[in-house]
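The lines below spell out each chain.
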Amino acid sequence: MASTAAKVIRKRGALTALITALGVGAALLVTWVLQLVFGLVGRDPLPPTGLLAGMQQNLLSHVLPVTIGVFLSLWIIAPVAAQLRLGHVISRAILAAGIGGTLLFLVGAVEATLAVLSTTPPAAQPGTYNVDLGGIGGAVLSYLSTALVQFVGLLPIVVLAGILEWIWLERHPRDHVVTGLVDDV
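The model shown is predicted, which means the values in this text are computed figures rather than measured ones.

> So what about the packing of aromatic side chains? Which residues, and what values?
Tallied over the entire structure, the rule returns one aromatic pair. Measuring from ring centre to ring centre gives 5.3 Å for Phe71 and Trp75, while their planes differ by 25°; the resulting arrangement is stacked. Within this pair, Phe71 and its partner Trp75 are both found in helix H3 (residues 48-77), separated by four residues, close to a single helical turn. No difference in accessibility class separates Phe71 from Trp75, as the two residues are buried.

Put into structure tokens, the structure is as follows:
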């Protein structure tokens, strides 16, 4: 276990994967801001505190999980290398988007569960718990559809980022071989 963790930490290629993932995160943040601005046209403006709270919520529950998922995928699971063909780069980018979308769903499912639990009235008997499992299941399923819609919107951004990383790597060759978990199988 410790040797596997040491291998992962020493694995090369983290910088390009991090830059690509941060680019995806920045694109998501800019997209969210533009959607917010265009959505406010003709409406009363949000107070600055509401805007900052919304941006913080979006950053923590949407942008950060996707960015982390894309980074881990492009660094450890399926890194992009200059010698790959375009089809392989696209499939690795789709995998990265899928992992980012999965983390997005997991964070959203936890948030949905906590939201249902916070609105559940306390139990009548001391020492007993009043848990609305149907409400939790419904909230998680509802967020699943939201996460799938967000994944569809995320897919072109991550594929474009993967292709741009591949182009950059072709023009700036590495002096080491890049492999991921999918290459070791």
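> Mind laying out the environment of Leu114, listing which residues take part and the relevant values?
In this structure, Leu114 sits in helix H4 (residues 86-119). Each C-alpha atom, one on Leu114 and one on Ile136, is 8.5 Å from the other, the two residues being 22 residues apart in sequence.

> Before we move on, can you summarise helix H2 (residues 14-39) with the specific residues and values?
In an α-helix, one full turn covers 3.6 residues, which means residues spaced three or four apart are oriented alike. Between its first and last C-alpha, H2 extends 37 Å over 26 residues, near the 38 Å set by a 1.5 Å rise per residue. If you check which residues of H2 are buried, you get Thr16, Ala17, Thr20, Ala21, Val24, Gly25, Leu28 and Trp32.

> Go over the packing of H2 against helix H5 (residues 133-171) with me, naming the residues and quoting the values.
With their axes 10 Å apart at the nearest point, H2 and H5 run at an angle of 145° to one another. For H2 against H5, the interelement crossing comes out right-handed. Across from Thr16, Ala17, Thr20, Val24, Ala27 and Leu28 in H2, the residues of H5 making contact are Leu154, Ile157, Val158, Ala161, Gly162, Glu165, Trp168 and Leu169.

> I'd like a rundown of a nonpolar patch on the surface, residues and numbers included.
Residues Val30, Leu34, Val37, Phe38 and Val41 make up a contiguous nonpolar surface patch of roughly 490 Å² in combined accessible area. Counting through the fold element by element, Phe38 comes out in helix H2. Here Phe38 falls in the exposed class, since its relative accessible area comes to 59%.

> Give a description of the side chain of Thr20 that names residues and reports values.
Summarising the element assignment, Thr20 is placed in helix H2. At a separation of 2.8 Å, a polar atom in the side chain of Thr20 contacts the main-chain carbonyl oxygen of Thr16. Not counting chain neighbours up to four residues away, the residues in contact with Thr20 comprise Leu74, Ala161, Gly162 and Glu165.

> Mind laying out the nonpolar core, listing which residues take part and the relevant values?
Counting residues in each nonpolar core, the largest one holds 28 residues, and the members touching the most others are Val24, Val66, Val70, Leu154 and Val158. Contributing elements (two or more residues each) for this core: H2, H3, H4 and H5. No other element matches H5, which puts eight residues into this core. Not counting chain neighbours up to four residues away, the residues in contact with Val66 comprise Val24, Leu28, Gly100, Leu104 and Leu154.

Rules used throughout
Residues numbered from 1 in each chain as written. Predicted model: local features only at pLDDT ≥ 70, side-chain atom pairs only at ≥ 80, totals over all residues. Heavy atoms only, no water. Phe/Tyr/Trp six-rings, centres within 6.5 Å; stacked < 30°, edge-to-face > 60°. Helix = DSSP H or I, 4+ residues; strand = E, 2+ residues; numbered from the N terminus. Buried < 20%, exposed > 50% of the residue type's maximum accessible area, 1.4 Å probe, protein only. Expected span 1.5 Å × (residues − 1). Axes fitted to C-alpha atoms, helices over the stretch in contact; angles between N-to-C directions. Left-handed = near helix turned anticlockwise from the far one by under 90°. Contact = heavy atoms within 4.5 Å. Patch = residues over 30% accessible without salt bridge, like charges linked within 9 Å, V, L, I, M, F, W, Y side chains within 5 Å. Areas by Shrake-Rupley, 256 points an atom, 1.4 Å probe, with all protein chains shown as cover. Salt bridge = Lys/Arg side-chain N within 4 Å of Asp/Glu carboxyl O. Polar contact = N/O pair within 3.5 Å; in protein donor to acceptor, adjacent residues only side chain to side chain. Core = buried A, V, L, I, M, F, W, Y, C linked by side-chain atoms within 4.5 Å.

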